[in-house]
Amino acid sequence: QVQLVESGGGLVQAGGSLRLSCAASGRTFSTYAMGWFRQRPGKEREFVASISWDGATTYYVDSVKGRFTISRDNAKNTLYLQMNSLKPADTAVYYCAVTYGKIDVVTRQYDYTYWGQGTQVTVSS
């Protein structure tokens, strides 16, 4: 059974940092693109960042460019999202996701096959 478990969320003041982790189990995802999405209060889930299978290519939504960094450790089957200079607008439930069969960065939700349960990030002003 495939399982993605996010961790690292919490409450932080504006300007602070958090590092999210997503541990994958049940199969190896080292050959597939992975990504992070978020759902802010009252809004639909949206794309945040994606990384290619080998980590060589990354892509971000404009609102997080220069502040967030996506990375992966294929040996550990783990995906990360380093979030710096956090803003109240970043408050959301963050989800990690894995594609199946895609190796390059992917921004569309329906291209992702497996999803984690989400971790809450709250940024206070």
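Quick summary incoming for the structure in this document. Note that the structure is a prediction, hence the values are computed from the model and not measured. (Residues numbered from 1 in each chain as written. Predicted model: local features only at pLDDT ≥ 70, side-chain atom pairs only at ≥ 80, totals over all residues. Heavy atoms only, no water.)

### As for the pairing of strand β7 (residues 68–73)
Part 1: Only one face of β7 is covered, namely the one carrying Phe-68, Ile-70 and Arg-72; the face carrying Thr-69, Ser-71 and Asp-73 has none of its residues buried.
Part 2: Pairing analysis gives 6 bridges linking β7 to strand β8 (residues 78–83), with the strands arranged antiparallel. Bridging across to β8, Phe-68 finds its partner in Met-83.
Part 3: Linkage of β7 to β8, two consecutive antiparallel strands, is achieved through a turn of 4 residues, within which Asn-77 is found at a positive phi near 55 degrees. (Buried < 20%, exposed > 50% of the residue type's maximum accessible area, 1.4 Å probe, protein only. Helix = DSSP H or I, 4+ residues; strand = E, 2+ residues; numbered from the N terminus. Pairing = 2+ DSSP bridges.)

### Some details on the pattern of salt bridges
Part 1: On inspection of all chains with the given rule, the structure shows 6 salt bridges.
Part 2: We note a salt bridge from Asp-90 to Arg-38, for which the minimum N-O separation is 3.0 Å. In this pair, Asp-90 sits in the loop between β8 and β9 (92–99) while Arg-38 sits in strand β4 (residues 34–39), placing the two residues 52 residues apart along the sequence.
Part 3: Take Asp-90: its relative accessible area is 2%, and that puts it in the buried class.
Part 4: Of the charged contacts in the structure, one is a salt bridge between Arg-67 and Asp-90, with a shortest N-O distance of 2.7 Å. With Arg-67 in the loop between β6 (58–60) and β7 and Asp-90 in the loop between β8 and β9, this residue pair connects regions lying 23 residues apart in the sequence. The two residues Arg-67 and Asp-90 agree in class, both being buried.
Part 5: Here the salt bridges share partners, and the residues they tie into one network are Arg-38, Arg-40, Glu-46, Arg-67 and Asp-90. (Salt bridge = Lys/Arg side-chain N within 4 Å of Asp/Glu carboxyl O.)

### Points about the environment of Ser-85
Part 1: Tracing the backbone shows Ser-85 in the loop between β8 and β9.
Part 2: Beyond its immediate chain neighbours, meaning those up to four positions away, Ser-85 contacts Gly-15, Gly-16, Ser-17, Arg-67 and Asp-90. (Contact = heavy atoms within 4.5 Å.)

### Overview of the sheet that holds strand β3 (residues 18–25)
To summarise the sheet geometry, strands pair through backbone hydrogen bonds and adopt either a parallel or an antiparallel arrangement.
Part 1: Pairing is antiparallel across the open sheet formed by 4 strands, whose spatial order is β1-β3-β8-β7. Strands at the two margins of the open sheet, each flanked by one partner only, are β1 (3–7) and β7. Pairwise comparison of adjacent strand axes, ignoring direction, gives a mean angle of 15 degrees for this sheet. (Axes fitted to C-alpha atoms, helices over the stretch in contact; angles between N-to-C directions.)

### As for the nonpolar core
Part 1: Residues Trp-36, Leu-81, Met-83 and Tyr-94 are the most contacted members of the largest nonpolar core, which totals 27 residues.
Part 2: Within the residue set of this core, elements represented by two or more residues are β3, β4, β5 (45–51), β7, β8, β9 and β11 (119–124).
Part 3: Residues contacting Tyr-94, with those up to four places away along its chain left out, are Glu-6, Leu-20, Trp-36, Phe-37, Arg-38, Val-48, Phe-68, Leu-81, Met-83, Gly-118, Thr-119 and Val-121.
Part 4: Formed by 6 residues, the second largest nonpolar core is a distinct cluster that contains Phe-37, Phe-47, Ala-97 and Val-106. (Core = buried A, V, L, I, M, F, W, Y, C linked by side-chain atoms within 4.5 Å.)

### Topic: the state of the cysteines
Part 1: Evaluated as defined, the whole model comprises 1 disulfide.
Part 2: Here Cys-22 connects covalently by a disulfide to Cys-96, the sulfurs 2.0 Å from one another. Measuring the twist about the S-S bond at about 50 degrees, one finds the Cys-22-Cys-96 disulfide to be right-handed. Linking Cys-22 in strand β3 with Cys-96 in strand β9, this pair joins segments that are 74 residues apart in sequence. The two residues Cys-22 and Cys-96 agree in class, both being buried. (Disulfide = S-S within 2.5 Å.)

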